[in-house]
Amino acid sequence: PDPVEAVTLRRYLLGMVFQGFWWAGYLLFPFVLAKSLHAGGGLVTAAVTMDTAGMLLALSWGPLLTRVGRRRVLFSGGLGGRAVLMLAPFAVTAPRFVVLLGVVYAFAALVYPAQNGIFQENFHPSRRGRFFGHGALVQHIIAALTSLALGAFLDRDPAHYRWIYPVVGLVGFGYPLI
């Protein structure tokens with residue numbers, strides 16, 4: 001790989017450590033709604049559906065990328081889609097938590113188009129798939145290990161989500177910053 005590609009790959013793989021930690025918390029959202037906040041099935045289903053709807057917003061973020069630049073979009077996506085979880089201690093009811101998730105899901109969609117644009121520019125097409133595979137491996141190993149730890153912590157006290165999610169949000173915000 002050329003020097004730009006090598007630096008991008010190192011940052012990407014390091015970022016996937018942060019992303020894996022974030023992803024573990026992200027995957028637990030519906031369980032926190034059901035177990036910690038006693039949300040009904042309809043509200044849990046609505047929250048899960050909001051995730052997909054939020055990702056559809058990524059289709060409309062393209063023009064924003066060209067107007068304000070990828071770094072600014074990554075920062076905004078990280079702030080609104082991850083660091084906003086610092087507000088989790090105040091989301092003490094299921095509807096409040098779902099509102100918080102709505103913000104997370106909408107802003108999370110900013111990260112992926114910006115990230116993919118950087119990769120398309122910096123990774124040679126013949127190596128891009130392999131690099132994505134390496135990143136996915138790192139992310140999922142970290143997510144699996146972190147999920148076990150977070151789940152055990154929530155088993156001790158389901159209300160610990162209020163302290164888990166600010167940490168998950170801050171660590172997850174590290175990825176777009178890298």
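Basis of the calculations
Residues numbered from 1 in each chain as written. Predicted model: local features only at pLDDT ≥ 70, side-chain atom pairs only at ≥ 80, totals over all residues. Heavy atoms only, no water. Helix = DSSP H or I, 4+ residues; strand = E, 2+ residues; numbered from the N terminus. Rg over C-alpha atoms; globule rule 2.2 N^0.38 Å. Buried < 20%, exposed > 50% of the residue type's maximum accessible area, 1.4 Å probe, protein only. Contact = heavy atoms within 4.5 Å. Areas by Shrake-Rupley, 256 points an atom, 1.4 Å probe, with all protein chains shown as cover. Lys, Arg positive; Asp, Glu negative; His and termini not counted. Charge placed at Lys NZ, Arg CZ, Asp CG, Glu CD. Polar contact = N/O pair within 3.5 Å; in protein donor to acceptor, adjacent residues only side chain to side chain. Arc of directions from axis to C-beta. Salt bridge = Lys/Arg side-chain N within 4 Å of Asp/Glu carboxyl O. Phe/Tyr/Trp six-rings, centres within 6.5 Å; stacked < 30°, edge-to-face > 60°. Axes fitted to C-alpha atoms, helices over the stretch in contact; angles between N-to-C directions. Parallel < 35°, antiparallel > 145°, perpendicular 65-115°, else oblique. Left-handed = near helix turned anticlockwise from the far one by under 90°. Nonpolar A, V, L, I, M, F, W, Y, C, P; charged D, E, K, R; others polar.

1. Comments concerning the overall build of the protein chain
Along the backbone of the protein chain there are eight helices and zero strands. On C-alpha atoms alone, the protein chain measures out to a radius of gyration of 17 Å, which is about the 16 Å that the 2.2 N^0.38 rule sets for 178 residues. Along the longest, intermediate and shortest principal axes, the C-alpha atoms of the protein chain span 50 × 35 × 25 Å. Of all 178 residues assigned to the protein chain, the portion counted as buried reaches 42%. When contacts within the protein chain are restricted to residue pairs at least 6 apart in sequence, those whose partners lie at least 24 apart make up 85%. In the form shown here, the protein chain has an accessible surface area of approximately 8,900 Å², with 70% of it arising from carbon and sulfur atoms. Here the protein chain contributes 14 positive and 6 negative side-chain charges, whose respective centroids are spaced 5 Å apart.

2. Here we look at the side chain of Asn-122
Along the chain, Asn-122 turns up in helix α6 (residues 94–122). Given the relative accessible area of 18%, Asn-122 is considered buried. At 2.9 Å, the side chain of Asn-122 forms a polar contact with the side chain of Thr-8. Apart from residues lying up to four places away in sequence, Asn-122 is in contact with Val-4, Glu-5 and Thr-8.

3. So, helix α2 (residues 29–36)
Buried within α2 are the following residues: Phe-29, Val-32, Leu-33 and Ser-36. Seen end-on, α2 carries its buried residues on one side only, within an arc spanning 110°. On the buried face of α2, the contacting elements are α1 (3–27), α3 (41–56), α6, α7 (125–156) and α8 (161–177). Of the residues flanking the end of α2, it is His-38, one or two places downstream, whose phi is positive at about 55°.

4. Thoughts on the pattern of salt bridges
Tallied over the entire structure, the rule returns two salt bridges. Ionic pairing is found between Arg-127 and Glu-5, a salt bridge with its closest N-O pair at 2.9 Å. With Arg-127 in helix α7 and Glu-5 in helix α1, this residue pair connects regions lying 122 residues apart in the sequence. We classify Arg-127 as partly exposed; its relative accessible area is 23%. With a closest N to O distance of 2.9 Å, Lys-35 and Asp-155 form a salt bridge.

5. Some words on the packing of aromatic side chains
Counted by the stated rule, this structure contains 17 aromatic pairs. Geometrically, the ring pair formed by Phe-119 and Phe-123 is stacked, given 5.0 Å between the ring centres and 15° between the ring planes. Assigned by exposure class, Phe-119 and Phe-123 land together as buried. The structure contains a cluster of three or more aromatic residues connected by ring pairs, namely Trp-22, Trp-23, Tyr-26, Phe-29, Phe-97, Tyr-105, Tyr-161 and Tyr-165.

6. Concerning the packing of α6 against α8
Relative to each other, α6 and α8 sit at 20°, their axes nearing to 12 Å. Relative to α8, the element α6 lies roughly parallel. Crossing of α6 against α8: the hand is left-handed. The residues of α8 that touch α6, namely those facing Phe-97, Val-111, Gln-115 and Phe-119, are Tyr-161, Tyr-165, Tyr-175 and Pro-176. For the contact of α6 with α8, the residue count by class is seven nonpolar, one polar and no charged.

7. Some words on the environment of Phe-123
Structurally, the position occupied by Phe-123 is in the loop between α6 and α7. Taking the relative accessible area as the measure of exposure, Phe-123 reaches 2% and is therefore buried. Taking the C-alpha atoms as reference, Phe-123 lies 44 Å from Thr-93; in sequence the two are 30 residues apart. Beyond its immediate sequence surroundings of up to four residues, Phe-123 is in contact with Glu-5, Thr-8, Leu-9, Tyr-12, Arg-128 and Phe-131.

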